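Observations on the model geometry
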Amino acid sequence: MTLKYLIQKEFLQIRRNAFLPRLIVIFPIMMMCVMPWVMNQEVKNIRVDVVDNDRSQLSQQIVHSIEASNYFIFNGQKPTYQAALKEIETSKADVILVIPQDYSKDLRQGRQPQVLIAANAVNGTKGAMGGAYLSQIVNEEFRMKYEESVPSMGSQPNDIQSSKFNVQSLFLYNKHLNYKVFMIPALFAMLLMLMCGFLPTLNIVGEKEAGTIEQINVTPISKWAFILAKLIPYWVIALLLITVCLVLSWLIYGITCQGSLWLVFLLSMLLALFWSSFGLVISNYSDTMQQAIFVMWFFVVSMLLLSGLFTPTRSMPDLAYATTYVNPMHYFIDAIRTVFVRGGDWRSIDHQVLALMGIALVMACWAVVSYKKNSK
């Protein structure tokens, strides 16, 4: 019965707060409506300058292909490479395409013209992808024109013969390469981290600043009952958040979970257990809300960047990759994408679930141990 009244107290405190109920409802809605459009690593709107030294019909066809592409913004043709480079230096262009003077002549004679692509690599991803997109357009134009001018397969060099083969890609999951399918499960992790992490962080330390914690400390309530009463409301909030996210994902984007929803809720509850327990641990050791916020922010940013949410963990240095073994965000994101996108079953994520469960239970025990009843 004591636990029941403690839980009731926590819900009353949340309800009487003028800000928290609105945050719990509005925050997931805004995240699901806005962030899937923003968190898109597909590179578009690459500004291209073209230096056409050939000025032939064939070179202009490349220019027209660039203009028709959805990935490029055609800045226009520049008279020289130096003039185009000044556009790069002033951030008015991202990629330069230089077509040599004898481009069409070399094509007709069966030679391979050398086309220069210079990309601004200050933003490495944009530079690399922009150069790759532009190379595909140039190679496709070169292949078609070369096949028209040299129809005989036997007279073509080996590298040109290889372009005759039609290479097709088979995408087993997310067949349309919709980046929202990839990012929506990651938003689940971010929502649980922010809501079930920061709110418990401010809970106990907030009572310390208000002086109400002393009233709890002089009661015979056990530590485990007190901490459990603090944790349960945030598990309920986690269930509400995931339910809202799943419904909005279906209504707005037409994206549904390919696997079992029970596994999604299981993973979400384990992550909520970790973050709510971790938040209480920080709150137990903190004296002020400002101190608790800064400590929590440090761990949130570190775990998020090292989780594999944005970049593959295998691409990290060995030392950074070693941290993923104790990072619950890494296990959750890996497992939730397996279930949500690929439709994986329990056997596909059993080791992630067990690891996440172990880390969460250790953190929950730490939350109980770290709470010190002090009647001073």
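The sections below set out a description of the structure shown in this document. (Residues numbered from 1 in each chain as written. Predicted model: local features only at pLDDT ≥ 70, side-chain atom pairs only at ≥ 80, totals over all residues. Heavy atoms only, no water.)

Description of the side chain of S276
Here is the rule we go by: A run of DSSP states H or I qualifies as a helix once it reaches four residues; a run of E qualifies as a strand once it reaches two. Both are numbered from the N-terminal end. Only protein chains enter the accessibility calculation, which uses a 1.4 Å probe; a residue whose area is less than 20% of its type maximum is buried, one above 50% is exposed, and one in between is partly exposed. Here, two residues are considered to be in contact whenever any of their heavy atoms come within 4.5 Å of each other.
With respect to the helices and strands, the residue S276 is situated in helix α12 (residues 261-285). Assessed through its relative accessible area of 0%, S276 is described here as buried. Filtering out sequence-adjacent residues up to four positions away, S276 remains in contact with C196, P200, L231, Y234 and W235.

Quick look at helix α9 (residues 203-210)
Listed in full, the buried residues belonging to α9 are N203, I204, V205 and E207. In this structure, the buried residues of α9 make contact with α1 (2-16), α8 (179-201), α10 (213-217), α11 (223-253), α12 and α13 (289-305). Just downstream of α9, G211 is the residue with a positive phi angle, here 85°.

Describing the sheet that holds strand β1 (residues 46-52)
The cut-off we apply is this: Strand pairing is assigned whenever DSSP detects at least two bridges linking the two strands. Axis lines are fitted through C-alpha atoms, for helices just across the contact stretch, and the angle between N-to-C directions can take any value from 0 to 180 degrees.
In space, the 4 strands of this open sheet follow the order β2-β1-β3-β4, with mixed pairing throughout. The two strands at the open ends of the sheet, each matched to only one other strand, are β2 (72-77) and β4 (116-119). Neighbour-to-neighbour, the strand axes of this sheet turn through a mean angle of 20°, independent of strand direction. Helix α3 (residues 57-68) rests against β1, β2 and β3 (95-99) of the sheet, and its axis sits at about 140° to β2. Strand contacts of helix α4 (residues 81-89): β1, β2, β3 and β4, with the helix running at about 170° to β3, the strand carrying the most contacts.

A word on α3
Threshold: Here a helix's expected span is defined as the number of its residues, less one, multiplied by 1.5 Å. Arc definition: directions from the helix axis to the C-beta atoms.
The end-to-end C-alpha distance of α3 is 16 Å, a good match for the 16 Å that 12 residues give at a rise of 1.5 Å each. Looking only at α3, the buried set comprises L58, S59, I62, V63 and I66. Along the axis of α3, the buried residues cluster in a sector spanning 155°; they form a single face. Exposed side of α3, more than 90 degrees from the buried face: Q57 and A68 are the residues found there.

Examining the environment of F332
Summarising the element assignment, F332 is placed in helix α15 (residues 328-340). On the accessibility criterion, F332 (0% relative accessible area) is buried. Distance in space between the C-alpha atoms of F332 and S315 is 19 Å, their sequence separation being 17 residues. If we ignore the near neighbours within four places in the chain, the residues touching F332 are P185, F188, A189, L192, L267, S268, L271 and L356.

What about the pattern of salt bridges?
When their charged atoms lie close together, side chains carrying opposite charge are able to pair. Filter applied, for reference: Any Lys or Arg side-chain nitrogen located within 4 Å of an Asp or Glu carboxyl oxygen qualifies as a salt bridge.
A full pass over the atoms with the stated rule returns 7 salt bridges. K230 is the partner of E10 in a salt bridge, and the nearest nitrogen-oxygen pair spans 2.9 Å. Highlighted residues: E10 in helix α1 and K230 in helix α11, separated in sequence by 220 residues. For E10, a relative accessible area of 3% gives the class buried. Classification of K230 as buried rests on a relative accessible area of 1%. The closest approach of N and O atoms between K78 and E87, which form a salt bridge, is 4.0 Å. Through salt bridges with shared partners, a single network forms among K9, E10, E207 and K230.

Describing the layout of surface pockets
We count it as follows: With a 1 Å grid laid over protein atoms only, a set of points is called a cavity when a 1.4 Å probe fits there but cannot get out and a pocket when it is open yet has protein on both sides within 12 Å along at least five of seven lines; lining residues have an atom within 4 Å of a point. Grid points are joined across faces, edges and corners, and a volume is the space filled by probe spheres set on the points. Residues are grouped as follows: nonpolar covers Ala, Val, Leu, Ile, Met, Phe, Trp, Tyr, Cys and Pro; charged covers Asp, Glu, Lys and Arg; every other residue, Gly included, is treated as polar.
For the second largest pocket, the calculated volume is near 520 Å³. If you go around the second largest pocket, you meet 22 residues; those closest to its centre are N17, L20, L199, L202 and N203. Sorting the residues of the lining of the second largest pocket by element identifies α1, α2 (20-38), α8, α9 and α11 as the ones contributing at least two each. For the lining of the second largest pocket, the class distribution of residues is 15 nonpolar, 5 polar and 2 charged.

Let's talk about a nonpolar patch on the surface
The following threshold applies: Residues forming no salt bridge and having over 30% relative accessible area are the ones grouped into patches, like charges within 9 Å of each other and nonpolar side chains (Val, Leu, Ile, Met, Phe, Trp, Tyr) within 5 Å. Each accessible area is a Shrake-Rupley estimate made with a 1.4 Å probe; only the visible protein chains count as cover when residues are assessed.
A surface patch of nonpolar side chains, about 660 Å² in accessible area, is lined by V25, I26, I29, M30, V34, W37 and V38. When you line up the elements, I29 lands in helix α2. Judged by relative accessible area, which is 34%, I29 ranks as partly exposed.

Let's talk about the pairing of β1
Along any regular strand, the residues point their side chains to alternate faces of the sheet. Where we set the bar: By the criterion used throughout, a crossover qualifies as right-handed when its path from the first strand across the helix to the second strand runs clockwise, the strands pointing away from the viewer.
Of all 7 residues that make up β1, 6 are buried, and the element is covered over most of its length. Note that β1 and β2 share 5 bridges and pair parallel. What sits directly across from I46, in β2, is F72. A crossover links β1 with its parallel partner β2, the connecting element being α3, and its sense is right-handed. Bridge count between β1 and β3: 5 bridges; the pairing is parallel. Paired with V48 across the strands is V95, a residue of β3.

Details of unusual backbone geometry
One non-glycine residue, R55, adopts positive backbone phi at about 50°. Not every positive phi belongs to a glycine, and S91 is a case in point at roughly 60°. On the secondary structure map, S91 appears in the loop between α4 and β3.

Some details on the nonpolar core
What counts here: The set of buried Ala, Val, Leu, Ile, Met, Phe, Trp, Tyr and Cys residues whose side-chain atoms join them within 4.5 Å is what this entry labels a nonpolar core.
Formed by 82 residues in total, the largest nonpolar core has its most connected members in F188, L267, W275, M329 and F332. In terms of residue count, α8 provides more of this core than any other element does, 16 residues in total. Ranked by size, the runner-up nonpolar core spans 19 residues in total, among them I46, V48, V63 and F142.

The analysis is restricted to geometry; functional conclusions fall outside its scope.
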